[in-house]
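Survey of secondary and tertiary structure
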Number of protein chains: 2
Amino acid sequence: MIRISSRELAERMGLTASQIRQDLNCFGGFGQQGYGYNVTELHAQIGKILGVHAGNKTILIGVGNLGKAIAQHIDFEKRGCKLIGIFDSNHALCGKQIAGVTVDPIETLEAFCAANHPVMAVLCIPKTAAHDLAHQLVKLGVRAFWNFSHYDLRLEHEQEQIIVENVHLGDSLMTLAYGLQHQGDAHE
Amino acid sequence: MIRISSRELAERMGLTASQIRQDLNCFGGFGQQGYGYNVTELHAQIGKILGVHAGNKTILIGVGNLGKAIAQHIDFEKRGCKLIGIFDSNHALCGKQIAGVTVDPIETLEAFCAANHPVMAVLCIPKTAAHDLAHQLVKLGVRAFWNFSHYDLRLEHEQEQIIVENVHLGDSLMTLAYGLQHQGDAHE
DNA sequence: TAGATTGTTAATCGATTAACAATC
DNA sequence: TAGATTGTTAATCGATTAACAATC
């Protein structure tokens, strides 16, 4: 496929054509009147906007079931990130390779950050540990957090902005439970 | 803690007091003027609205890294769901116990559904398999989907509404990559 | 040129916020 | 009763949709 119209994009994504055109225009005029959008170029432009080639240095902390699954299941490179370190407090897990990265003891975290300057951290640790560890990581220069602990992180820094994505999978599941309970309620 | 005001709830959740009061009021007058909300009662009411005690019968399909992590990491009971079956097409995995449930071969899915009538399915399978399997499950009576495949499900049914939560973890990671790229841009 | 489809402005809609009377 | 805080309405804001002139 060479080109695509805002109408077809809208259909595929479940949005309106207006929304597609207006949103894309916030970032620049990627289309051409009477023609539509060149798929290859649009894809490249959106990739550039999102920063999918930035290779942001990323570390992952906590290699329980979830941490291991995230490390192996997510294509970090494709999303603009590069997994350069994995840490766990359980020394029995250290030394193992996960997604091509060796698990290191949490005690080496500080030295690792000083040497490698990761900008992003994936937190797959219990909620009790999340707050303190996150604040420590901010001090070590981490500027973005992908937080899978159940603790809702809100981080501050004097100079720079800290970005947090709190992932609450349980909420997503509860949304379904709510939907099932209210299936057949009016106005649906 | 016995009681809480809309103002304090708002602070804790990063919302406004107005929003808390208006939203809660959509479901009923749980508060009392001059007093606030009784925490115990509010918690119970919200639980009832969400349906966290419904015990919706749930099956999980696909026991790769992610499927295994979801099964073990998520407290289904707490979110109104009960994991009653796990299936995989890889027979080497069948017979194993995960989260207290035995993994069964995918070939037994149809008979299982006929016998046990699950209403929810967790899809931890490749995107190529998601569409067809989901449609099959709809025919077998499943009404809610928690979809971790990268395929965006949109399901229809003549009589009943089908509910879908498409979880795209990659999007969440890209949001962070975008944020890092545009840190320091104006108006922040 | 005629047809198609964008970029962009104006109109609509819904959600958030502010305000305040009701009332515990 | 006085103070506090809800329930609820009105005002504001932003996002979505519709419309259309620009233009490829």
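Given the structure is predicted, the values throughout are model-derived calculations rather than measurements. (Residues numbered from 1 in each chain as written. Chains lettered and ligands numbered in written order. Predicted model: local features only at pLDDT ≥ 70, side-chain atom pairs only at ≥ 80, totals over all residues. Heavy atoms only, no water.)

Our focus in this paragraph is the UniProt feature "binding site: NAD(+)" (unreviewed entry) in chain A. Sequence positions flagged by UniProt for "binding site: NAD(+)" (unreviewed entry) are, in local numbering, Gly62, Val63, Gly64, Asn65, Leu66 and Gly67 of chain A. Locating glycine 62 of chain A in the fold gives a position in the loop between strand E4 (56-61) and helix H4 (65-73). When neighbours within four sequence positions are excluded, glycine 62 of chain A is seen to be in contact with Gly67, Phe87, Asp88, Cys124 and Ile125 of chain A. By secondary structure assignment, the location of asparagine 65 of chain A is in helix H4. Beyond its immediate stretch of four places on either side in the chain, asparagine 65 of chain A contacts Ala69 and Gln72 of chain B. (UniProt positions renumbered as here; feature names shortened; annotations may be inferred. Helix = DSSP H or I, 4+ residues; strand = E, 2+ residues; numbered from the N terminus. Contact = heavy atoms within 4.5 Å.)

This next bit is on the sheet that holds strand E4 (residues 56-61) of chain B. Residues and elements named next belong to chain B. The sheet built from seven strands is open, its strands ordered E6-E7-E5-E4-E8-E9-E10 with mixed pairing. The open sheet has two free edges, formed respectively by strand E6 (97-98) and strand E10 (163-166), since each of these has just one partner strand. Sheet analysis places E4 next to strand E5 (residues 81-88), joined by six bridges and oriented parallel. Bridge pairing in E5 links asparagine 56 to cysteine 81. (Pairing = 2+ DSSP bridges.)

So, on to the protein's contact with DNA strand D. Surveying the vicinity of DNA strand D reveals 22 residues, the closest of which are Ser18 of chain A together with Ser6, Arg21, Asn25 and Tyr37 of chain B. The share of sugar and phosphate among atoms of DNA strand D within 4 Å of the protein is 55%. Here a base nitrogen of DNA strand D sits 3.1 Å away from a polar atom, N or O, in the side chain of arginine 21 of chain A. Between DNA strand D and arginine 21 of chain B there is a distance of 2.8 Å, counted from a base oxygen to a side-chain nitrogen or oxygen. Listing elements by their share of the surface near DNA strand D, those giving two or more residues are helix H2 (17-25) of chain A together with helix H2 (17-27), strand E2 (31-32) and strand E3 (36-38) of chain B. Here the element with the most residues in the surface near DNA strand D is H2 of chain A; it accounts for four residues. Considering only residue class, the surface near DNA strand D consists of three nonpolar, 17 polar and two charged. (Near = heavy atom within 4 Å. Polar contact = N/O pair within 3.5 Å; in protein donor to acceptor, adjacent residues only side chain to side chain. Nonpolar A, V, L, I, M, F, W, Y, C, P; charged D, E, K, R; others polar.)

Our focus in this paragraph is the interface of chain A and chain B. In this complex, chain A contributes 51 residues to the contact, which on the side of chain B involves 51 residues. Regarding the contact of chain A and chain B, the summed buried area is about 4500 Å², with carbon and sulfur atoms giving 65% of it. Broken down residue by residue, the surface that chain A buries against chain B is led by Arg79, Leu173 and Leu176 of chain A, which jointly contribute 16%. Across the chain A-chain B interface, the total number found is zero salt bridges. At the junction of chain A with chain B, the criterion picks out 16 residue pairs in polar contact (both at pLDDT 80 or more). Looking at the side of chain A that touches chain B, the elements with two or more residues in it are helix H1 (6-13), helix H3 (39-50), H4, strand E9 (144-147), strand E10 (163-166) and helix H7 (169-181) of chain A. Sorting elements by how many residues they give to the side of chain A that touches chain B places H7 of chain A first, with 12 residues. (Buried area = accessible area lost by both parts, 1.4 Å probe. Salt bridge = Lys/Arg side-chain N within 4 Å of Asp/Glu carboxyl O.)

Another aspect to go through is the packing of aromatic side chains. A ring pair, where both rings are aromatic, is described by two values, the distance of the centres and the angle of the planes. All names here are of chain B. Taken as a whole and judged by the stated rule, the model has six aromatic pairs over all chains. Geometrically, the ring pair formed by phenylalanine 76 and tryptophan 146 is edge-to-face, given 6.3 Å between the ring centres and 85 degrees between the ring planes. Of this pair, phenylalanine 76 sits in the loop between helix H4 (65-73) and E5 while tryptophan 146 sits in strand E9 (residues 144-147), and the two are 70 residues apart along the sequence. Overall, the relative accessible area of 5% leaves phenylalanine 76 in the buried class. (Phe/Tyr/Trp six-rings, centres within 6.5 Å; stacked < 30°, edge-to-face > 60°. Buried < 20%, exposed > 50% of the residue type's maximum accessible area, 1.4 Å probe, protein only.)

Once that is clear, we can look at the relation of the copies chain A and chain B. Rotating chain A by 180 degrees about the axis while translating it 0.0 Å along that axis superimposes it on chain B, leaving an RMSD of 0.0 Å. Those values place the two copies in the arrangement expected of a two-fold rotation axis. Looking at the rotation axis and the C-alpha trace of chain A, the residue lying nearest is alanine 69 of chain A, at 3.2 Å. Both copies share a contact surface, since 100% of the interface residues of chain A are interface residues in chain B too. (Least-squares fit on C-alpha atoms with pLDDT ≥ 70 in both.)

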